[in-house]
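Breakdown of the fold
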Amino acid sequence: MRPLQESEKLVTDFIGYLRLERGLSEHTLQGYSTDVRHLLDYITDCGTDVANATTELLHNFLCTLHDLGISARSQARVISGIRSFFKFLRIEGYITTDPCELLEAPRFGRTLPDVLSVEDIDRMIAALDPDKEETPRNHAIIETLYGSGLRVSELVELRLSRINFEEGYMIITGKGNKQRLVPLSPESIRLIQEYLPIRERLNIKPDARDILFLNRRGAQLTRIMVFYVIRDAAAMAGIQKKVSPHTLRHSFATHLLEGGANLRAIQEMLGHESIATTEIYLHLDRSRLRTELLTHHPHYRHS
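Residues numbered from 1 in each chain as written. Predicted model: local features only at pLDDT ≥ 70, side-chain atom pairs only at ≥ 80, totals over all residues. Heavy atoms only, no water.

Let us now look at the sheet that holds strand 1 (residues 163–164). In space, the three strands of this open sheet follow the order 1-2-3, with antiparallel pairing throughout. Edge strands, defined here as strands with exactly one partner in the open sheet, are strand 1 and strand 3 (179–183). Bridge count for strand 2 (residues 169–173) against strand 3 is five bridges, and the pairing is antiparallel. In the sheet register, I172 faces strand 3, and the bridge partner there is R180. (Pairing = 2+ DSSP bridges. Helix = DSSP H or I, 4+ residues; strand = E, 2+ residues; numbered from the N terminus.)

Take a look at the structure:
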C-alpha cells in the first residue's frame, strides 16, 4: 500500500483526477475540494488518517453535518464527493478497502421550484427600468434563460462564437463538458442583437472578448450577478414567489410539457443525461400522459 501524502497534496491530486477523468465543472470541483478538506480535518481530529478511516467514522462525520443543520440534499452532495475521493485513493493505491461501500446517502423528498406563468415573466420584463444602461442586457438575459431553458452556469459562459443567429441556435457546453444544440427564439435573437452595440462600447477585458453577457466593467458576469438580476426583476414586478434563474429554466420546461412537447426533446434541450431526471424535474401532467397512451399505444386505442 502506498504511503499517504500530506493532506493538501492529496486534495490537489484528487481534484486533478476529477478534472481529467470526469470533466466536472469548476464549481463542482471547488465544492468537492472543500468537502474533502472538512473530512480530512475531522479524521485528523479523531486521531487517525484516511488509510484507517472506517464506515462508522464517515457516518459520524455525516452526523455532525446533520447536527450543524446541513440539509439532506447538501449531505448527499458531500457523500458524492467523499465516495469519489475514496475511489481515487483506492485507484492510487493509498487504501485497499473502501469504507464508503456501506455508506448510505440521506433520503430526501423531491422538491420542485415554483413555476412562473407567461404573464409573470412579461411582468418581470415590463418592470425593468428603461432608463438604466444595463436594461437591454437584463432583458436579453431573462428572455434567453426562459426561451432556451439554460442553466445559469451555461448562460454566463455563453460565447458569441457559439451562436448562429441565422439558423437560430447556440452550442451550449453543459455538465461534464458535454455539448448540445439549443434553439434560440426569435425574440432572444432580437434582444441579443439590440444589446450587442451597447456591449461593444464597454472596455472589454481580453479574456471576455467572446463572452456574450458582460458587466459594466467589461468582465464576465458571475452566477450571483445573474441571480440578482432575476431576483430584483421579480421583486419589481411584485411577484411573491422565490424567483431565481433556475425558476426560469423550470418554467421553460414545464410550459413545453404543458404545450405537448415530447419529453425526450425536453430532455435534450435541458441537457439531462437521464430521462429520469427530466421526469423528476417536471410537473408531470398525468391526464395528458393518459391521453398520449390512449392515442398512441396499440393496446389502448380500442379500449
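As a packed pair, helix 5 (residues 118–127) and helix 6 (residues 135–148) sit with axes 10 Å apart at the nearest point and diverge in direction by 160 degrees. Classified by the angle between their axes, helix 5 and helix 6 sit roughly antiparallel to one another. Where helix 5 crosses over helix 6, the handedness of that crossing is right-handed. Residues V118, I121, M124 and I125 of helix 5 form the contact with helix 6, whose participating residues are H139, I142, E143 and Y146. The class makeup of the residues in the contact of helix 5 with helix 6 is six nonpolar, one polar and one charged. (Axes fitted to C-alpha atoms, helices over the stretch in contact; angles between N-to-C directions. Parallel < 35°, antiparallel > 145°, perpendicular 65-115°, else oblique. Left-handed = near helix turned anticlockwise from the far one by under 90°. Contact = heavy atoms within 4.5 Å. Nonpolar A, V, L, I, M, F, W, Y, C, P; charged D, E, K, R; others polar.)

The geometry of an aromatic ring pair is captured by two quantities: the separation of the ring centres and the angle between the planes. Inspection of every chain in the model, using the stated rule, returns eight aromatic pairs. Here the aromatic rings of F85 and F86 are separated by 5.7 Å at their centres, their planes lie at 70 degrees, and the arrangement is edge-to-face. An identical accessibility class is assigned to F85 and F86; each is buried. Linked through ring pairs, F14, Y17, F85, F86 and F88 together constitute an aromatic cluster. (Phe/Tyr/Trp six-rings, centres within 6.5 Å; stacked < 30°, edge-to-face > 60°. Buried < 20%, exposed > 50% of the residue type's maximum accessible area, 1.4 Å probe, protein only.)

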